[in-house]
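# A structural walkthrough
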Amino acid sequence: MFRFALRIAWRFLKSSRSQTLLIVLGITAGVSIQIFLSSLISGLQANLIQQTVGDAPHIIIAPEDRTPTSVTPSSKTVVVSALASPVKEEAKILAWQQIHGLLLNQPNLRVASPLVEGSGSVRKGELTRSVVLKGILLEYADQIYELRERTTQGIPQIGGNGVLVGVELAQDLRLRTGDLLLITTPGGKDGTFIVNGTFDLGNKTINASWVFLDLIPAQNLFGLEGAISAIEIQIDQVFQSEYIAQNLKRILPQYTIETWQTRNRQLLSALRSQSLSSFMIQFFVLVAITLGIASVLVVSVTQKIREIGILKAIGTTNTGISLVFLIQGMILGLFGSSLGALFGFFLIRLFQEAARASGGAIPFSITLNTRALVTIVVVSTLASLLAAISPARQAKKLTPIEVIRNG
Amino acid sequence: MDDNGLVVTQNVNKIYGTAVRYQVLFNITLTVPRGQFLALIGPSGSGKTTLLNIIGALDRPTSGAVFIQGQNLNDLSEEDLARFRNKFLGFIFQFHYLLPEFNALENVLIPYWIASGRPKGEIVDRAMYLLERVGLKEAAKKRINLLSGGQQQRVAIARALMNFPQLILADEPTGALDTKTGEQVLELLAEIRHESNMTMIMVTHNRDVALQADRVIELIDGKLCKEVYPRVIGIKEATEILESHACNLEDINTPRTPLQEE
Ligand SMILES: Nc1ncnc2c1ncn2[C@@H]1O[C@H](COP(=O)(O)OP(=O)(O)OP(=O)(O)O)[C@@H](O)[C@H]1O
Ligand SMILES: [Mg+2]
C-alpha cells in the first residue's frame, strides 16, 4: 500500500508542477535561513565565549573563605579595590602539589596551573604603582594566558627574579627590559626583581596592573611557605565546566570551586536571550513552512477530488488515500529541507569567504553545525508530515459516489 | 454458495435526507446468477444508479442487505468494502474517470497497484494484453488527455478487467459517447462477456442495447416494475412488454416485510 501511495503521491506532485516547485522553493528558503541563522548565532557565541574565556581560567579552585579576586582579561569592569585586600592567613592551599598532580590526571582538563596571587606595589625610581602579583609556574600558566605569544618585548621567562609586566604598566613606570624594580607587599616584605619582558593580554586594566613572577618568590613575598592561593584550570569543552566543577567538588570538598559562568553571568544571560530570539525566529519560519505546505495540500485535495473519488471507487482504502497526502507532505518536506540544507551550506561558505576577504572586519567565522542541520531537516520534514494531516483527513472523508454522481 | 446467485439484494431501501426524507429505492429484492448479463433500464431519476452503487459497495442501503457470493456487505467495514471493490468488481462509469496523471497502461495497472504494489512482468503483460484487446495497444504510453472519449472509455474497460473481477458494473457506459463510438464500445463489452462468461449489470437508456441482455429489469420510481428475458421470449415480445405501461412484477413489489414500508 505504501508503494502504491508513494507512486500516486509522486505523480500528483509532478502533475501540479509549478505549485510543487513553489512550495519546495519556499521550504528551501526557510530551511536555509534556519541553518544559516543557527550557524551564525552559534559561531557568534562561540567567538564571544572564546574571547571571554579563551585565555582565562575556566575553573578556579580556591580555599573556602577566599574572596574571588581573579580577573578575566575581557571583563571590562574590574574592581581594583577587591584586589587590594591582602590574602588572609587561612586562605591558602597547603598540599597543593598533591592536588595539582591529581588534577593533571583528570580527564577533560586541559591544564591546571598553581597560582599565588595578591596585591602589592611596584617601585622604579620615584614612580610607584599598585599591582596584582601573579606567582605562577610558567609552563602551566602559559597554557592559559598564552604568555609566550603575548610577550611584546623581551623574552617570556620568569625564572629566579625575573618578572613579566603588562605593557601599560611598563609605560607608566617607563620600564624597559633589563630594568630593576622593587616589589613590596602589604605584609611588609619586599624584593628586587628584573623585568624580562612585557605582555599584552588584550585588556587595558590587566595590562596596567598585572605582574607575573615565579611561584617561589611570590610565596616568599606573601609569606606562604610552600602554599598557594589558588589553582586555575582550563578544560577542553567550556560548557562542561559546571559538570566538571561538580566532580571536582566531590574530590576536593574542602575548597570552593568556581566556574567561569559564575563570573560571567551577564554575558551568559545575553547569550541566552540571543539564543532564544534565534530560536523564536526558527520556530516561526517552521510555522510558516508548515502552513505553506498545509495550504498547498488542502488546495491539492480540492483539485484532485475527481482522482480521489476514482481511486476510492476502484478500491483504494481510506488509509491508502490518507497515505497519498501524508507522503506528499513528506516528499515536499524532504526535498525542500534537503535543498535548504544545501543552500544553507552554500550561504555559510559565502559568509566564510566574506569573513576571510574582509581581513578581520568580520572578526569571526562560522562553521556548519551538523547537529543543528540534522535537527532542522528532521524537524522540517516532521512538520511537513504534520501539515499533511488535515488534507489527508479531508481526502479520507470524501465519498466516491459524490464524485461519480457529479461527473 | 452460488446457488443463491452471485448478487442477491434483500429488501433494499434507500432514503436520502434526514429532515426531508426522500425514498429512492423501495424493497428491491433481486437475484443475479453468475454469468448473467442484466440490463437495468428506467426513466431518469428512477434509482438505477443508486441501486448499482449499492450493489457495487459504493453506497450502503438504508435498510435491507446485499449479498455478493454469499457475503453480506453490511458486515464489512469501509476499508473491507474498498478491498472488496478492488478485488471483486470492475466499474465502468458514464464518464471515463481515468487518472490524467498517468498514461493508458498505468491507468489499467492502477487496480493492481492498489492491491499489490509493484507489478511483475506478467502483470504488465496482462495490462498490455487488455489494452490490445480493447484495440489500444499503440496508445499504451499515451497521456490520457490525448485520447478520444471512446478510447478513454475503452481504457476504462481494460482497467475494470484488470483484477479478474467476478462482476462488472457499468452505468451508462456509452452515455457520454456518440452513437457510433458507443456501439463499438458495446460490441467490445459483448465480446469480452462472451469470452469470459462474466456477470455484468449494465444501466442503460437504450432499449436496443438492453434487449441484447439475458435479462432486462425496469425500475420505475424506485420500484422493480418489469422483468423480461429477451433470449427466452424473443426480442419482439420483449419489446412489447417493455413498451406497455403495466408492470409485470407487482408480486415482487408487494412488501414481504410490512414493517419496512411505513
Ligand atoms: N445524495 C443524494 N441526496 C438526495 N437525493 C439524491 C441523492 N442522490 C440521488 N438522489 C436522488 O435519487 C433519485 C434517483 O437517482 P439516481 O441517480 O439513482 O437515478 P437514475 O435512475 O440513475 O437516473 P439517471 O437515469 O438520470 O441517471 C433522483 O431523484 C436523485 O435526485
Ligand atoms: Mg444514473
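Residues numbered from 1 in each chain as written. Chains lettered and ligands numbered in written order. Predicted model: local features only at pLDDT ≥ 70, side-chain atom pairs only at ≥ 80, totals over all residues. Heavy atoms only, no water.

## Observations regarding the sheet that holds strand β5 (residues 71-72) of chain B
All names here are of chain B. How we decide: A pair of strands is labelled paired if DSSP reports no fewer than 2 bridges between them. In this description a helix means any DSSP run of H or I spanning at least four residues, a strand means any run of E spanning at least two, and both kinds are numbered starting from the N terminus. Contacts are assigned to residue pairs with any non-hydrogen atoms lying within 4.5 Å of each other. An axis is simply a line fitted to the C-alpha atoms; with a helix, the fit covers only the stretch in contact. Between two such axes, the angle follows the N-to-C directions and lies from 0 to 180 degrees.
With antiparallel pairing, the 4 strands of this open sheet are ordered in space as β2-β1-β4-β5. Where the open sheet ends on each side, the last strands, each with one partner, are β2 (22-32) and β5. The pairing of strand β4 (residues 63-68) with β5 spans 2 bridges and is classified as antiparallel. Counted as the bridge partner of I68 is Q71 from β5. Docked against the sheet, helix α1 (residues 48-55) engages β1 (7-16), β2 and β4, running at close to 125 degrees with respect to β1.

## Quick word on the interface of chain B and chain A
Our working rule: By buried area we mean the combined loss of accessible area, with a 1.4 Å probe, across both parts when two parts are placed together. What counts as a salt bridge is simple: a side-chain nitrogen of Lys or Arg found within 4 Å of a carboxyl oxygen of Asp or Glu.
Taken together, the 30 residues of chain B in the interface contact 26 residues of chain A. A combined buried area of about 2600 Å² lies between chain B and chain A, and 62% of that area is made up of carbon and sulfur atoms. The three residues of chain B that bury the most area against chain A are Y97(B), E101(B) and I114(B), which together make up 27% of that side's buried surface. At the boundary of chain B and chain A, one finds 2 salt bridges. Among the ionic pairs, K304(A) bridges to E101(B), the shortest N-O distance being 2.7 Å. Listing elements by their share of the side of chain B that touches chain A, those giving two or more residues are α1, α2 (78-88) and α3 (104-116) of chain B. Per-element accounting of the side of chain B that touches chain A gives the leading share, 6 residues, to α2(B).

## Topic: the site of ligand 1
This is how it is decided: By convention in these notes, a residue is near a molecule or strand provided one of its non-hydrogen atoms lies within 4 Å of it. Per-residue accessibility takes into account occlusion by the displayed protein chains alone, with areas from the Shrake-Rupley method and a 1.4 Å probe.
Of all residues adjacent to ligand 1, which total 14 residues, the nearest are R405(A), S44(B), K48(B), T49(B) and T50(B). Positioned at a junction of chains, ligand 1 has nearby residues supplied by chains A and B. About the coverage of ligand 1: the protein hides 66% of its 640 Å² of free accessible area. Going through the elements one at a time, β2 and α1 of chain B are the ones with two or more residues in the shell around ligand 1.

## Describing the environment of F102(B)
Worth spelling out the cut-off: Using a 1.4 Å probe on the protein chains alone, a residue whose accessible area is under 20% of its type maximum counts as buried, one over 50% counts as exposed, and one in between counts as partly exposed.
With respect to the helices and strands, the residue F102(B) is situated in the loop between β6 (89-92) and α3. Overall, the relative accessible area of 1% leaves F102(B) in the buried class. In this structure the C-alpha to C-alpha distance between F102(B) and K141(B), which are 39 residues apart in sequence, comes to 9.0 Å. When sequence neighbours within four positions are dropped, the list of residues in contact with F102(B) reads R7(A), I8(A), R11(A), N107(B), I110(B), W113(B) and I144(B).

## As for the pattern of salt bridges
All names here are of chain B. A complete count under the given rule lists 17 salt bridges over all chains for this structure. A salt bridge links R60 to E78; the shortest N-O distance between them is 3.5 Å. With R60 in the loop between α1 and β4 and E78 in helix α2, the pair connects residues that are 18 residues apart, well separated along the chain. A salt bridge links E195 to R133; the nearest nitrogen and oxygen atoms lie 2.6 Å apart. A residue pair is termed long-range when its members are at least 10 positions apart, and E195 in helix α6 (residues 179-196) and R133 in helix α4 (residues 121-133) qualify at 62 residues. Using a relative accessible area of 19% as the deciding quantity, one classes R133 as buried. Taken together, the salt bridges that share partners define one network made up of R133, E191 and E195.

## Observations concerning the state of the cysteines
Residue and element names in this part refer to chain B. To be explicit about the condition: The disulfide criterion is simple: two cysteine sulfur atoms within 2.5 Å.
Applying the stated rule across the entire model yields 1 disulfide over all chains. Between the sulfur of C225 and that of C247 lies a disulfide, 1.9 Å long from S to S. Between C225 and C247, the S-S torsion sits near -100 degrees, and that sign places the bridge as left-handed. With a gap of 22 residues between them, C225 in strand β10 (residues 223-228) and C247 in the loop between α9 (235-243) and α10 (250-253) connect regions that are remote in the sequence. With a relative accessible area of 1%, C225 lands in the buried category.

## As for the packing of helix α2 (residues 17-53) of chain A against helix α13 (residues 318-357) of chain A
Residues and elements named next belong to chain A. Put simply, the rule is: Relative orientations are named as follows: roughly parallel for angles under 35 degrees, roughly antiparallel for angles over 145 degrees, roughly perpendicular for angles from 65 to 115 degrees, and oblique for any other angle. Left-handed describes a crossing in which the near helix is turned anticlockwise from the far one by less than a right angle; the clockwise case is right-handed. Side-chain classes follow a simple rule in which Ala, Val, Leu, Ile, Met, Phe, Trp, Tyr, Cys and Pro form the nonpolar group, Asp, Glu, Lys and Arg form the charged group, and the remainder, Gly included, forms the polar group.
At a minimum axis separation of 6 Å, α2 and α13 run at an interaxial angle of 45 degrees. Classified by the interaxial angle, the pair formed by α2 and α13 is oblique. Taken as a pair, α2 and α13 cross one another with a handedness that is right-handed. Of the residues in α13, those in contact with T20, I23, V24, I27, T28, V31, S32, I35, F36, S39 and L40 of α2 are L332, G333, G336, S337, L339, G340, A341, F343, G344, L347, I348 and F351. A class-by-class count of the residues in the contact of α2 with α13 yields 14 nonpolar, 9 polar and no charged.

## Quick notes on the packing of aromatic side chains
Residue and element names in this part refer to chain A. Going by this rule: Two rings from Phe, Tyr or Trp (for Trp, the six-membered ring) form a pair when their centres sit within 6.5 Å of each other. Planes less than 30 degrees apart are called stacked, planes more than 60 degrees apart edge-to-face, and all others tilted. To sit over a ring, a charge needs its Lys NZ or Arg CZ within 6 Å of the ring centre and within 35 degrees of the ring normal.
Scanning the entire structure with this criterion turns up 15 aromatic pairs over all chains. Both rings, one in W210 and one in F212, keep their centres 5.8 Å apart while their planes meet at 85 degrees; by these two values the pair is edge-to-face. We classify W210 as buried; its relative accessible area is 1%. Three or more aromatic residues link up through ring pairs in this structure, and these residues are Y145, F199, W210 and F212. Positioned above the aromatic ring of W210, the side-chain terminus of K134 is 4.1 Å from the ring centre.

## A word on the domain arrangement of chain A
Here is the rule: Residue ranges for the domains trace back to a domain assignment, done automatically or taken from a database.
Considered domain by domain, chain A is made up of domain 1 (2-51 + 268-406) and domain 2 (89-253). Its C-alpha centre places domain 1 of chain A at a distance of 54 Å from the equivalent point of domain 2 of chain A.

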